[in-house]
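Residue-level structural notes
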Amino acid sequence: MSATADHAEERTNPAMRLGFEPGQVVQEIGYDEDVDQDLREGIESIIGQDLVDEEYDDTADVVVLWFRDEDGDLTDALVDAIGLLEDGGAVLLLTPKTGRDGYVEPSDVNDAAQTAGLSAAKSVSVGKDWSGTRLKSPKR
């Protein structure tokens, strides 16, 4: 693929900016009818396989966590996600954007991530309705 094609795909596939790599096992938690299907498909096109669901019984390289304000305790959800990761893995926390149902305050994301022992690497817009924050897991 040419450099021009790579840049074109990056503009049309938001998953390109999120650090996914071919061959990674990506586990998805919090799937519901409101998730961004284009983002899901973009991730699958990069990793070369389907996302695995909450029933997956091995460790993952990345956990994609769709989280809305009404989904419960964010710290608990992040701690649970850490337990599913390979050493050095990452959590991609996806929350609704400002003004959308289920919006989560950025300060709540930061507090929950710190309490869970995660460090925020970067936040990006990943679609019309969702923002993503890549959280690095602690080394075990």
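Structure first, text after, so check above.
Quick caveat: nothing in here was measured; it's all calculated off a predicted structure.

This part takes up the sheet that holds strand E3 (residues 85–96). Taking strand neighbours across the sheet as the criterion, the five strands line up as E1-E2-E3-E5-E4 in an open arrangement whose pairing is mixed. At either margin of the open sheet sits one strand with a lone partner, and together these are strand E1 (26–29) and strand E4 (119–125). Averaged over neighbouring strand pairs, the angle between their axes works out to 20° when direction is ignored. Relative to strand E5 (residues 130–136), E4 runs antiparallel, the two sharing six bridges. Along E5, the bridge assignment pairs Val124 with Gly132. With respect to the sheet, helix H3 (residues 74–82) is in contact with strand E2 (60–66), E3 and E5, its orientation differing from that of E3 by roughly 145°.

A few words on the packing of H3 against helix H4 (residues 106–116). With their axes 9 Å apart at the nearest point, H3 and H4 run at an angle of 45° to one another. Viewed along their axes, H3 and H4 adopt a mutual orientation that is oblique. Like other packed secondary-structure pairs, H3 and H4 cross with a definite hand, here right-handed. Residue-level contacts link Leu74, Thr75, Leu78, Val79 and Ile82 of H3 to Asp108, Val109, Ala112, Ala113, Thr115 and Ala116 of H4. Looking at the contact of H3 with H4 residue by residue, the class counts come to eight nonpolar, two polar and one charged.

So, on to the pattern of salt bridges. Within the structure shown, the criterion is met by five salt bridges. Arg68 is the salt-bridge partner of Asp34, the closest N and O atoms lying 2.8 Å from each other. Placement of Asp34 in the loop between E1 and helix H2 (37–47) and of Arg68 in the loop between E2 and H3 is noted, with a sequence separation of 34 residues between them. Assessed through its relative accessible area of 5%, Arg68 is described here as buried.

Right, let's get into H3. Within the span of H3, buried status applies to Leu74, Thr75, Ala77, Leu78, Ala81 and Ile82. Projected down its long axis, H3 carries its buried residues within an arc of 160°, all on one side. Considering only its buried residues, H3 is in contact with E2, E3, H4 and E5. The opening residue of H3, the one whose side-chain oxygen lies 3.2 Å from the backbone nitrogen of Thr75, is Asp73.

For H4, the set of buried residues is Val109, Ala112, Ala113 and Ala116. Taken end-on, H4 shows its buried residues confined to a sector of 100°, consistent with a single buried face. Those residues of H4 that are exposed and angled more than 90 degrees off the buried face are Gln114 and Thr115. Structurally, H4 contributes buried residues whose contacts are with H3, E3 and E5. At the C-terminal side of H4, Gly117 shows a positive phi close to 85°.

Here is what the cut-offs are and how they apply
Residues numbered from 1 in each chain as written. Predicted model: local features only at pLDDT ≥ 70, side-chain atom pairs only at ≥ 80, totals over all residues. Heavy atoms only, no water. Pairing = 2+ DSSP bridges. Helix = DSSP H or I, 4+ residues; strand = E, 2+ residues; numbered from the N terminus. Axes fitted to C-alpha atoms, helices over the stretch in contact; angles between N-to-C directions. Contact = heavy atoms within 4.5 Å. Parallel < 35°, antiparallel > 145°, perpendicular 65-115°, else oblique. Left-handed = near helix turned anticlockwise from the far one by under 90°. Nonpolar A, V, L, I, M, F, W, Y, C, P; charged D, E, K, R; others polar. Salt bridge = Lys/Arg side-chain N within 4 Å of Asp/Glu carboxyl O. Buried < 20%, exposed > 50% of the residue type's maximum accessible area, 1.4 Å probe, protein only. Arc of directions from axis to C-beta. Polar contact = N/O pair within 3.5 Å; in protein donor to acceptor, adjacent residues only side chain to side chain.

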